[in-house]
Amino acid sequence: MKIIKKINHLNKYISNVSNIGFVPTMGGLHNGHLSLIKESKKTSDKTLVSIFVNPTQFDKKKDFLTYPRSLKNDLSKLKIKKVDFVFIPTSKEIYYKKRKRKIVINKKYKILCSKFRKGHFEGVLDVIERFLKIIRPKFIFFGEKDYQQYFLIKKYFKKKIKTKIILCKTIRDKNKIALSSRNQLLKKNEIKIASSIAKKLIILKNKIKKNLKNSKNLIQVKNFLTNRFKIKIDYLEIRDKKKLSKNFKKNNFKIFIAYHINKIRLIDNF
Ligand code: AMP
């Protein structure tokens, strides 16, 4: 496994590889990330994982500073998985050039996290575009856990690049909580709350699948969760999977949630 920090070194290693699978991460690696790597290893000759806590996608500086970092641990996990290349650039390396054109997200997609985290997805699209220009992978892998991220990336890059954008299933723990680097910050009782919320929303999803009328219960569910667990919900919404519009059908929707347990913000979708 080659650990690479500089773009010019990376170029040396990958210039002759035509079939690279790229898994961008911010580290704090867990089985969710590893499932993306597994997918990449299935489809690509070589797998490249980046670990880069991208400052431009954090709307709050404190969130950036407290984001879980565990490089040593991450590298040993990647080594076990026989990843070919790990790219760990500095901010300077990635942002050495100013962008010519500002990234603009269509107003109709200023919903869900895009509404609550100003500049977040603009930062994500910027960094992914920079990575894609450097790496030019054949495939890039994203988790369904961050569905809106996948959706916006797909929209933004569809006509711009040849790289195939692959969506991988959300990996959950035995309590049904979607794995996330941020889960490390949760205390025992907070894990219980996150688990109850996930279970409740899985039940709601199944009910709606059976009968669309059950989607009318969403506000009651939101109030119940807020009062029962003393959490702050940014949003709890049902949207169509393809367009993220509010017009959805029984078999083509997702329930999206973002909430705060104390100071930790979690997102999920079902
Ligand atoms: P992050 O390190 O949080 O930026 O995530 C890197 C990639 O891993 C993103 O494409 C995420 O959607 C994906 N990911 C994070 N958590 C999970 C999970 N529980 N299951 C599947 N993919 C995930």
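All values reported here derive from a predicted model rather than from experimental measurement. (Residues numbered from 1 in each chain as written. Predicted model: local features only at pLDDT ≥ 70, side-chain atom pairs only at ≥ 80, totals over all residues. Heavy atoms only, no water.)

**What to know about the site of the ligand**
Keep this limit in mind: The criterion for a residue being near a molecule or strand is simple. One of its heavy atoms has to lie within 4 Å of it. By the criterion applied in these results, polar contacts are pairs of N or O atoms within 3.5 Å in which, for protein atoms, one can donate a hydrogen and the other can accept it, and in which residues neighboring in sequence qualify only through two side-chain atoms. Computed with the Shrake-Rupley method and a 1.4 Å probe, the accessible areas treat only the protein chains shown as cover for residues. Here a strand is any run of E in DSSP of at least two residues, a helix any run of H or I of at least four, and the numbering for each starts at the N terminus.
Near the ligand you find 17 residues, and of these M26, H33, D146, I171 and L179 are the closest. Between the ligand and the protein, one listed contact pairs an oxygen atom with a backbone N or O atom of G143 at 2.9 Å. Within the complex, 92% of the 490 Å² of free accessible area of the ligand lies under protein. Looking at the shell around the ligand, the elements with two or more residues in it are β2 (20-25), α2 (31-43) and β5 (139-143).

**Looking at the packing of aromatic side chains**
Operational definition: Two aromatic rings, drawn from Phe, Tyr or Trp (for Trp, its six-membered ring), form a pair once their centres lie within 6.5 Å of each other, and the interplanar angle then sorts them: stacked below 30 degrees, edge-to-face above 60, tilted otherwise. When accessible area is computed with a 1.4 Å probe and restricted to protein chains, residues below 20% of their type maximum are described as buried, those above 50% as exposed, and intermediate ones as partly exposed.
According to the stated counting rule, one finds 15 aromatic pairs in the structure shown. Consider the rings of F87 and F131, whose centres lie 6.0 Å apart with planes at 80°: the pair is edge-to-face. Of the two residues, F87 sits in strand β4 (residues 85-87) while F131 sits in helix α7 (residues 120-135), which places them 44 residues apart along the sequence. For F87, a relative accessible area of 0% puts it in the buried group. The exposure class assigned to F131 is buried, which follows from its relative accessible area of 3%. Residues F139 and F141 carry aromatic rings whose centres are separated by 6.3 Å and whose planes lie at 40° to one another, so their mutual orientation is tilted. Summarising the burial analysis for this pair, F139 and F141 share the class buried.

**Details of the nonpolar core**
Where we set the bar: Each nonpolar core is a collection of buried residues, namely Ala, Val, Leu, Ile, Met, Phe, Trp, Tyr and Cys, held together in the definition by side-chain atoms within 4.5 Å. The contact criterion used throughout is that any non-hydrogen atoms of two residues lie within 4.5 Å.
In this structure, L48, I128 and I135 are the most contacted members of the largest nonpolar core, which totals 40 residues. Counting residues per element, the ones that place at least two in this core are α1 (7-14), β2, β4, α6 (112-116), α7, β5, α8 (147-157) and β8 (253-261). With nine residues, α7 is the largest single contributor of residues to this core. I135 has contacts with L10, I14, I20, F22 and L48, leaving out every residue within four places of it along the chain. Counting 26 residues, the second largest nonpolar core, distinct from the first, contains I233, I255, I257 and F270.

**With respect to the environment of G21**
Here G21 is to be found in strand β2. The spatial distance from the C-alpha of G21 to the C-alpha of F141 is 7.6 Å, given a sequence separation of 120 residues. Apart from the residues lying within four places of it in its own chain, the contact partners of G21 are S40, S44, K46, T47, L48, F139 and F141.

**Quick look at the environment of F87**
For the pair formed by F87 and S50, sequence separation is 37 residues and the distance between their alpha carbons is 4.5 Å. When sequence neighbours within four positions are dropped, the list of residues in contact with F87 reads I4, K5, K6, I7, L10, L48, V49, S50, I51, I94 and F131.

**Let's talk about the pairing of β2**
Working note: regular strand, side chains alternate between the two faces of the sheet. In plain terms, the rule: Two strands form a pair only when DSSP identifies at least two bridges running between them.
With respect to burial, β2 is a largely interior element, six of its six residues being buried. Burial along β2 is two-sided: I20, F22 and P24 and G21, V23 and T25, pointing in opposite directions, are all buried. As paired strands, β2 and strand β3 (residues 46-51) are joined by six bridges and run parallel to one another. Bridge assignment links G21 to a residue of β3, and that residue is T47. Pairing analysis gives two bridges linking β2 to β5, with the strands arranged parallel. Directly across from F22, in β5, lies its bridge partner I140.

**A few points about the sheet that holds strand β9 (residues 264-269)**
Filter applied, for reference: In this analysis, axes come from line fits to C-alpha atoms, helices being fitted only over the stretch in contact, and the angle between any two N-to-C directions falls in the range 0 to 180 degrees.
The strand order across the open sheet built from three strands is β7-β8-β9, with neighbouring strands paired in antiparallel fashion. Across the chains shown, the open sheet's two edge strands, defined by having one partner strand only, are β7 (232-240) and β9. Going across the sheet, the axis of each strand differs from the next one's by a mean of 10°, ignoring polarity. Pairing between β8 and β9: six bridges, direction antiparallel. The partner of I261 across the bridge, within β9, is I264. Across the sheet, helix α9 (residues 188-210) lies against β7, β8 and β9, angled at about 160° from β8, the strand it touches most. Strands β7 and β8 of the sheet are contacted by helix α10 (residues 218-229), whose axis makes an angle of about 155° with β7.

**Quick notes on unusual backbone geometry**
One non-glycine residue with positive phi stands out, namely L112, at about 45°. Inspection of the secondary structure puts L112 in helix α6. A positive phi angle, close to 75°, is found at K176, a residue other than glycine. Mapped onto the elements, K176 comes out in the loop between β6 (164-168) and α9. Classification of K176 by relative accessible area gives partly exposed; the value is 39%.

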